[in-house]
Amino acid sequence: MDGMTPKASTRSESTQGLSDFSEEEQSLLDEIGRKKSKLQEEIQHIKNEIAEVTAELETMDGVVDVPKQQDQKTKQLATGRKRFNMDPQKGLNFLYMHGLLNETPEDVAGFLYRGEGLSKKMIGEYLGKLKDFNVTCLKEFVKLHDFTNMSLVSSLRQFLWNFRLPGEAQQIDRMMEAFAKHYCQHGNGGVFANPDTCYVMSFSIIMLNTSLHNVNVKTKMTIEGFISQNRGINDGDDLPEELLRAFYEDIKKDEFKIPEDEGGSDLTHTFFNPDREGWLTKEGGKRKTWRRRWFILTENCLFYFKLPSDKEPRGIIPLENLGVRELADNKRPQCFEIFSDASSAIKACKTDSEGKVVEGHHNVYRIQAATAEEKDEWIKCIRASISRDPFYEMLQTRKKKATHQQEVGV
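Residues numbered from 1 in each chain as written. Predicted model: local features only at pLDDT ≥ 70, side-chain atom pairs only at ≥ 80, totals over all residues. Heavy atoms only, no water.

A word on the overall build of the protein
Then comes step 1: Counting its secondary structure elements, the protein contains 14 helices and nine strands.
Then comes step 2: Sorting the 410 residues of the protein into buried and exposed places 36% on the buried side.
Then comes step 3: On the protein, roughly 25300 Å² of surface is accessible, and the fraction owed to carbon and sulfur atoms is 50%. (Helix = DSSP H or I, 4+ residues; strand = E, 2+ residues; numbered from the N terminus. Buried < 20%, exposed > 50% of the residue type's maximum accessible area, 1.4 Å probe, protein only. Areas by Shrake-Rupley, 256 points an atom, 1.4 Å probe, with all protein chains shown as cover.)

As structure tokens, then:
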């Protein structure tokens, strides 16, 4: 024993330790060893499978990212639409920057024509701008409408449903002129002698729709009145009566709906800080009786009330394209009158005995002040509040042009 090396001694001690297990314990130890080896093999197999799947996923990166990219673009597109509805140009710039829209009139026009999630008011505002790019967009936008074999009424329904006309007269003029030209080139089959006739007829149809379907308009336009209103507008000639009757019946049967943004106006704020207010005596329209009313002059309109405490006015006179002058009347001193520059009646409204808003029946409004000083002050303030709407003059000019073109040899 003394001659054994330390290494041999250690091996002998290890063998001696194993020999201490009973046969049953040794058998159990061997079973554990086998299970351990099997488990290690299974773990390695799983690792290999994970490695294979990972490799496959890495080669499919482009496919896996598609839904994520689409989701991102969807969010960016929604953001662009929201920005457009607050500021059209900023919204479009956002879409350009993220590659969601090409900065070309054709692509922008298509985007506005589809109109998904866009404010119709903002579409009209953008198309009405005078910048060269916007004007070209308007032309491309109009071209997207197919008016082939469609009546003027149906074409107007389609065209004006895609946006809301802006408020400025020159913008309305450009947009309706573009519509009239496109319709005459692609839709009317030679019915109208020129685009000016189409232009005037289009506005006549819009006004007819208001007359027939606005619940506040008590006196509805008759078919005879509609025909008479549009005499001589086709290059000096009349449009076929059966065509005008068809337009009338179409509008009467199916209201011509023009999109409007939600929200309304609150008259309460209108009467704060008026330009002038006070008692005046006004001559009636149909009944030539004189009644004392409380007048408020503000925001280019003359409102009159039965009492100063009333919240709703009895009548409204928009001071647009009107005139005011002193009136010499021996029976009623200190009088002045508001009159229309044209031969037509003043476009005003009032409430009737049932509380409905109806059109006024005044060619002039005759009003009496208490003193000469008050009369002069009212005339001065009203004159300063009168506005000139160029669209009114544009429409009158076009109507004259459409009526008299044949006479001047155009």
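Description of unusual backbone geometry
Then comes step 1: Look at Asn149: it is not a glycine, yet its phi comes out positive at around 60°.
Then comes step 2: Look at Asn149 and you get exposed, because its relative accessible area is 76%.
Then comes step 3: With a phi angle near 60°, Asp235 is a residue other than glycine that sits in the positive phi range.
Then comes step 4: Relative to the helices and strands, Asp235 is located in the loop between α11 (223–229) and α12 (241–253).

With respect to the packing of aromatic side chains
Then comes step 1: Applying the stated criterion across every chain yields a total of 14 aromatic pairs.
Then comes step 2: Summarising the aromatic geometry, the rings of Phe147 and Phe179 are spaced 5.5 Å apart at their centres and angled 70° between planes, so their arrangement reads as edge-to-face. Highlighted residues: Phe147 in the loop between α7 (132–143) and α8 (152–161) and Phe179 in helix α9 (residues 169–186), separated in sequence by 32 residues.
Then comes step 3: By relative accessible area, which is 0% here, Phe147 ends up buried.
Then comes step 4: Residue class for Phe179 comes out buried when judged on its relative accessible area of 0%.
Then comes step 5: Relative to Tyr304, the ring of Phe295 lies with its centre 5.5 Å away and its plane at 35°, an arrangement referred to as tilted. Accessibility classification places Phe295 together with Tyr304 in one group, the buried group.
Then comes step 6: What links up through ring pairs into an aromatic cluster is the set Tyr113, Phe141, Phe147, Phe159, Phe163, Phe179, Tyr183 and Phe192.
Then comes step 7: A cation over a ring is seen here: Arg325 above Phe339, with NZ or CZ 3.7 Å from the ring centre. (Phe/Tyr/Trp six-rings, centres within 6.5 Å; stacked < 30°, edge-to-face > 60°. Lys NZ or Arg CZ within 6 Å of the ring centre and 35° of its normal.)

As for the packing of α8 against α9
Think of two packed helices as two axes; the pair is described by the angle between the axes and how far apart they sit.
Then comes step 1: It is the contact of α8 with α9, at a shortest axis distance of 12 Å, that shows an interaxial angle of 135°. Classified by the interaxial angle, the pair formed by α8 and α9 is oblique. Viewed along their axes, α8 and α9 form a crossing whose handedness is right-handed. Contact residues: Leu152, Ser155, Leu156, Phe159 and Leu160 in α8; Met175, Met176, Phe179 and Tyr183 in α9.
Then comes step 2: Per-class residue counts for the contact of α8 with α9 are eight nonpolar, one polar and no charged. (Axes fitted to C-alpha atoms, helices over the stretch in contact; angles between N-to-C directions. Parallel < 35°, antiparallel > 145°, perpendicular 65-115°, else oblique. Left-handed = near helix turned anticlockwise from the far one by under 90°. Contact = heavy atoms within 4.5 Å. Nonpolar A, V, L, I, M, F, W, Y, C, P; charged D, E, K, R; others polar.)

What to know about the side chain of Arg293
Then comes step 1: In this fold, Arg293 is placed in strand β2 (residues 290–298).
Then comes step 2: Judged by its relative accessible area of 13%, Arg293 is buried.
Then comes step 3: With residues near it in sequence (within four places) discarded, Arg293 still touches Gly278, Trp279, Leu280, Tyr304, Phe305, Lys306 and Arg314.

Thoughts on the nonpolar core
Then comes step 1: With 53 residues, the main nonpolar core has Leu112, Leu152, Phe179, Met201 and Phe247 as its most contacted residues.
Then comes step 2: Looking at this core, the element that brings in the most residues is helix α10 (residues 195–213), giving nine residues.
Then comes step 3: In this structure Phe247 touches Leu152, Val153, Phe192, Met201, Ile205 and Phe226, once residues within four positions along its chain are discounted. (Core = buried A, V, L, I, M, F, W, Y, C linked by side-chain atoms within 4.5 Å.)

So, the environment of Ile379
Then comes step 1: Looking at the secondary structure, you find Ile379 in helix α13 (residues 372–385).
Then comes step 2: Once you skip the residues sitting within four places of it in the chain, Ile379 turns out to touch Val324, Arg325, Glu326 and Phe336.

What to know about the pairing of strand β3 (residues 301–305)
Then comes step 1: Within β3, five of the five residues are buried, leaving the element largely enclosed by the surrounding structure.
Then comes step 2: Along β3, one buried face is formed by Cys301, Phe303 and Phe305 and the opposite face, lined by Leu302 and Tyr304, is buried too.
Then comes step 3: With five bridges connecting them, β2 and β3 associate as antiparallel partners. Paired with Thr298 across the strands is Cys301, a residue of β3.
Then comes step 4: In this sheet, strand β4 (residues 315–318) lies alongside β3 in antiparallel orientation, the contact comprising four bridges. Each residue of the ladder has a partner; that of Leu302, found in β4, is Ile317. (Pairing = 2+ DSSP bridges.)

With respect to α10
Then comes step 1: In this model, α10 (19 residues) spans 27 Å end to end at C-alpha, consistent with the 27 Å of a helix rising 1.5 Å per residue.
Then comes step 2: Sitting at the amino-terminal end of α10 is Asn194, which places a side-chain oxygen 3.1 Å from the backbone nitrogen of Asp196. (Expected span 1.5 Å × (residues − 1). Polar contact = N/O pair within 3.5 Å; in protein donor to acceptor, adjacent residues only side chain to side chain.)

Honestly, that's just the spatial picture; any functional story needs more than this.
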